[in-house]
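# Results of the structural survey
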Number of protein chains: 2
Amino acid sequence: MNEFEQLNRKMKEIADIHAAVSLMSWDQEVMMPQGGARMRARQISTLHGLAHHKLIHELGPLLESAQSVDSPSDFERLNLKEISRGMKRWTRIPNDHVMEMSRATSEALQAWVQARKESDFSLFEPHLQKIVELKLRETEYLGFEENPYDALIDEYEPGMKASTLEAIFTPFKERLGTLLEAVRQAPQVDDSFLDQPIPAESQLAFGKEVVARLGYAMEHGRQDLSAHPFSIGFHPEDVRITTMVRENDLREMLYSSIHEAGHAMYEQGLNLDHYGLPAGEYCSLSIHESQSRLWENNVGRGAAFIGHFFSQMQALYPDNLAGRSADDLFRAVNRVEPGLIRISADELTYHFHVILRFEIENALINREVKVSELPDLWNAKVKSYLGLDVPDNARGVLQDIHWSHGSIGYFPTYSLGSFYAAQLMHFARQHHPDLDAQFLSGDFSALKSWLNAQVHGRGRLYNSEELCTMVTGEPLNVNYFIDYAWEKFGRVYGIARA
Amino acid sequence: MNEFEQLNRKMKEIADIHAAVSLMSWDQEVMMPQGGARMRARQISTLHGLAHHKLIHELGPLLESAQSVDSPSDFERLNLKEISRGMKRWTRIPNDHVMEMSRATSEALQAWVQARKESDFSLFEPHLQKIVELKLRETEYLGFEENPYDALIDEYEPGMKASTLEAIFTPFKERLGTLLEAVRQAPQVDDSFLDQPIPAESQLAFGKEVVARLGYAMEHGRQDLSAHPFSIGFHPEDVRITTMVRENDLREMLYSSIHEAGHAMYEQGLNLDHYGLPAGEYCSLSIHESQSRLWENNVGRGAAFIGHFFSQMQALYPDNLAGRSADDLFRAVNRVEPGLIRISADELTYHFHVILRFEIENALINREVKVSELPDLWNAKVKSYLGLDVPDNARGVLQDIHWSHGSIGYFPTYSLGSFYAAQLMHFARQHHPDLDAQFLSGDFSALKSWLNAQVHGRGRLYNSEELCTMVTGEPLNVNYFIDYAWEKFGRVYGIARA
């Protein structure tokens, strides 16, 4: 066994431990009896610690040996580069800091739950203050060139910088605003007919049929209910999704199922031969999100998808869809309306939610704003971008769980995901010009195979930008999203591009 | 932190890893998509290896340090004694042997499934031959005084010997035979009215209500369906059970649920303060089995239990139980009839199934019989003990999974469990003379509390015999079972003790 193979074996062992932790997390959300929480937290923490210990003390020396080998293959070189990048993050942050962050986020999470319940920011403020301080210390451990925020973004989106995001978001805000203004002035879309109770079982049966049809392999997954939909994989042959049902709105179950199935199809498409290595892992959070959004929005909210499933949906809505057309339904599921809550936002106004969070995080980490000033800043941005007054902090600055987890720098990957989705979809259509005809007949296999080959199978050997360039010939280009949005919402609202 | 505390901390860490393995096993039986099997096996094997490595290389030195401390407390001394006993087993068997056994049983299991399906012993024979050879080698590693079989029994039942079992079983066979002969000559019990289809959902709802009423804490457990009922705990605050439903026979679901809930109440009753230490573990397989059988047979097949739940069961059987009495039902669930299959056997003839397996294993391990001769030996014993002809090996020597797992020496714990159950129940009734009145009113809490205090909370600091003596004033005494059996089946069959 050569040096690289020894390293590979150790990485598989660590992946096995992480898989056990993932199963424990899935079980905790979906199956575990309430009274099991305390000891489960202990057991997860032990396995996390074990994996971390192996990363530092057992993988570290193996990595050094593997790196000292002369003339590695391209495959070995790319994997070593990525493992080495991860190792820097793991070793630069001292263990004491990790423990302190773990305690702080555990307390912050409880405080956030209470604060949101009571809509009282002051309950969360000292915890967020503490987390921001710890994250600032983390940026010092990690190092950065331009902006401390870059060190945090890098955890989720390797190589991405705040200045790049600003360069993307600033013109994008303008262009999205133009489209939204045209939408606002057009006759509004009626989606009131979708407000009809449908039994949870019928909804779930339909949702399962849809995701299976899209290509989510049920023999390598399962779907359950949970408070917040998520997907999680233990290896490419067991990737599970959850959904939630709102009895009066089928869209909740349907689009959360498709979204999570998009994530899950990515992980089912990872190369099992490279299990444990970067070559067998997902590329980045933005590329992961591109897969969920592509299936949810570009496919699932597309006219061809609606056309195919329309008769089944008519059967689900025996009253309200009887006299309606597939086009009515297509327009209804694409209704645009600014709202206060990010996770309920439509495909367009969603990006203002992300951008305002990015701007606030950037200001926070650069000490341009104090934690105590966040509610006012938040509300001002919501007014400016969405034209809405925030009635309470629960529907404002307290709505997201991310900061209580210590996740700062995560939000931008959501918008990047949509942009990558549009760009990938454009090239998928170039390779398969008849995709819409296929979708209309219920065949989604060509798209899935193309994504398997172009995105999923390539793993983490390239960052998002490199991967995007390999697949589409250029790095991220927001024009693809803008074009897609004008075309789709032009059709929905009967407006022509300005 | 003193030496014992350091040892304790390491044992908790190892318990956490074992808990992850247990969750992976539960998930595999109950939730996992079929396609996940291959990688799950890999991940379980990694975590097993990790725990084993820690036992030998990290726990070993800590145990030596803790043992060298002067004047340990009684609590420390008892725990150290038991850890040390385990350590001998773990260290005496070389790792290569463990790996070879693992491969052999993995292949044997597949062969057994096929052999049973085709009722063809020759498909299983070479695998069983291999397993017997490996087990014989294991007895040499482990050492023994009288009988190599003792070294194997000791894994499941610390301190038990084949000669002791023989001394128990030989007179027991006679005495059980006398009772069975009286039963055979009495008018037979009618249970045909229990053959009525009941929807699975109604059955499961009833089963859950029953086990909750008996004292299985649902906030620290859950019940699911699986091919073979089992119970499994990840720690005392999360102990799960499974059951199966036979639509035409409520007894299958009901008594498998109660049996598994009995196991689970034991594990829920372990002392969480001693998590990871012998003081926080179950005593032995026979004591574990005593808990499942006590609840299943001594309580669940008792007249008072039936009396309490009779009206609910009447509602489940609107047709067939309408004109029946609680006594009819009590007699029906205690019907005795020799059969070919151990797991379907009644409470009395069951023990002949166990004893014939014990005798065959003892002969095998002492090379008094060849593997190729097992079918004939099996069939002869079934004829002799149960008066039945075995029509095929699937319903004979191939019916149990145990040998394909390499579990030799396990079966006797089933009968010991029944004997301990009768003995424990006798003393529970002495402490609480009105138990039957309590059961009749649906109150099972006094019995559960007594078992919690007398058995569950004592952990593994004493072996079965020591524990039994502490609770009942004497070691295992089969008279309690014989008395219980004559009293109960005397009532069921209207016979007086000979």
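An account of the accompanying structure is given in this report. Only a predicted model underlies this, so the values are computations on that prediction, with no experimental measurement involved. (Residues numbered from 1 in each chain as written. Chains lettered and ligands numbered in written order. Predicted model: local features only at pLDDT ≥ 70, side-chain atom pairs only at ≥ 80, totals over all residues. Heavy atoms only, no water.)

With respect to the helices, strands and loops of the structure, Arg251(B) is situated in helix H9 (residues 250-268). Residues in contact with Arg251(B), not counting those within four places in the same chain, are Asp191(B), Leu194(B), Ser256(B), Ala332(B) and Val333(B). (Helix = DSSP H or I, 4+ residues; strand = E, 2+ residues; numbered from the N terminus. Contact = heavy atoms within 4.5 Å.)

Residues and elements named next belong to chain A. Mapping Thr243 onto the fold places it in strand S3 (residues 238-243). At a separation of 3.4 Å, a polar atom in the side chain of Thr243 contacts the main-chain carbonyl oxygen of Met253. One polar contact links Thr243 to Ser256, side chain to side chain, over a distance of 2.7 Å. (Polar contact = N/O pair within 3.5 Å; in protein donor to acceptor, adjacent residues only side chain to side chain.)

Turning next to the nonpolar core. Of all hydrophobic cores here, the largest spans 122 residues; its most connected members are Trp295(A), Val299(A), Phe305(A), Trp403(A) and Leu447(A). Leaving out residues up to four positions away in the same chain, Leu447(A) has contacts with Leu294(A), Trp295(A), Val299(A), Met425(A), Ala428(A), Leu435(A) and Phe439(A). Grouped together as the second largest cluster of nonpolar side chains are 121 residues, Val210(B), Leu270(B), Ile306(B) and Met313(B) included. (Core = buried A, V, L, I, M, F, W, Y, C linked by side-chain atoms within 4.5 Å. Buried < 20%, exposed > 50% of the residue type's maximum accessible area, 1.4 Å probe, protein only.)

Now for the pairing of S3(A). Residue and element names in this part refer to chain A. Along S3, six of the six residues are buried, which leaves the element largely enclosed by surrounding structure. Alternating positions in S3 separate into two faces, Asp238, Arg240 and Thr242 on one and Val239, Ile241 and Thr243 on the other, with burial throughout. Of the strand pairs in this sheet, strand S1 (residues 223-225) and S3 are connected by three bridges, and their pairing is parallel. For Gln223, the partnering residue across the bridge sits in S3 and is Ile241. Linking strand S2 (residues 231-235) to S3, which pair antiparallel, is a turn of two residues. (Pairing = 2+ DSSP bridges.)

Turning next to the packing of helix H7 (residues 162-185) of chain A against helix H13 (residues 350-365) of chain A. Residues and elements named next belong to chain A. The geometry of H7 relative to H13 is characterised by a closest axis approach of 11 Å and an angle of 145° between their N-to-C directions. In this structure, H7 meets H13 at a crossing whose hand is left-handed. Here Ala162, Leu165, Glu166, Phe169, Phe172, Lys173, Leu176, Gly177 and Leu180 of H7 come into contact with H13, specifically with His351, Phe352, Ile355, Phe358, Glu359 and Asn362. Looking at the contact of H7 with H13 residue by residue, the classes come out as nine nonpolar, three polar and three charged. (Axes fitted to C-alpha atoms, helices over the stretch in contact; angles between N-to-C directions. Left-handed = near helix turned anticlockwise from the far one by under 90°. Nonpolar A, V, L, I, M, F, W, Y, C, P; charged D, E, K, R; others polar.)

Moving on to the packing of aromatic side chains. Aromatic ring pairs are defined here through the distance separating the ring centres and the angle between the ring planes. For the coordinates displayed, the defined rule picks out 40 aromatic pairs over all chains. Between the aromatic rings of Phe439(A) and Phe444(A), the centroid separation amounts to 5.0 Å while the plane-to-plane angle is 20°, which identifies the pairing as stacked. With respect to class, Phe439(A) is no different from Phe444(A); both count as buried. Here Trp403(B) and Phe411(B) contribute two aromatic rings whose centre-to-centre distance is 6.4 Å and whose plane-to-plane angle is 85°, an arrangement assigned as edge-to-face. Accessibility expressed as a relative area gives 6% for Trp403(B), which makes it buried. In textbook terms, an aromatic cluster arises when at least three aromatic residues are bridged by ring pairs, as seen for Tyr156(A), Tyr350(A), Trp378(A), Trp403(A), Tyr410(A), Phe411(A) and Tyr414(A). The ring of Trp26(B) is capped by Arg240(B), whose NZ or CZ atom sits 4.4 Å from the centre of that ring. The side chain of Arg301(B) reaches across the aromatic face of Tyr255(B), ending 4.0 Å from its centre. (Phe/Tyr/Trp six-rings, centres within 6.5 Å; stacked < 30°, edge-to-face > 60°. Lys NZ or Arg CZ within 6 Å of the ring centre and 35° of its normal.)

Here we take up helix H17 (residues 445-454) of chain A. Residues and elements named next belong to chain A. Looking at H17, one finds that the buried residues are Ala446, Leu447, Trp450, Leu451 and Gln454. End-on, the buried residues of H17 take up no more than an arc of 135°, which puts them together on one face. The secondary structure elements touched by the buried residues of H17 are helix H10 (285-299), helix H15 (412-431), helix H16 (435-440) and helix H18 (464-472). (Arc of directions from axis to C-beta.)

All names here are of chain B. Mapped onto the elements, Asn297 comes out in helix H10 (residues 285-299). Along the chain, Asn297 and Asp346 lie 49 residues apart, while their C-alpha atoms are 9.8 Å from each other. With sequence-adjacent residues up to four places away left out, Asn297 is seen in contact with Gly302, Glu347, Tyr484 and Lys488. For Asn297, the side chain forms a polar contact with the side chain of Arg301, separated by 2.7 Å.

From the geometry alone we can't say anything about function, so treat these as descriptive.
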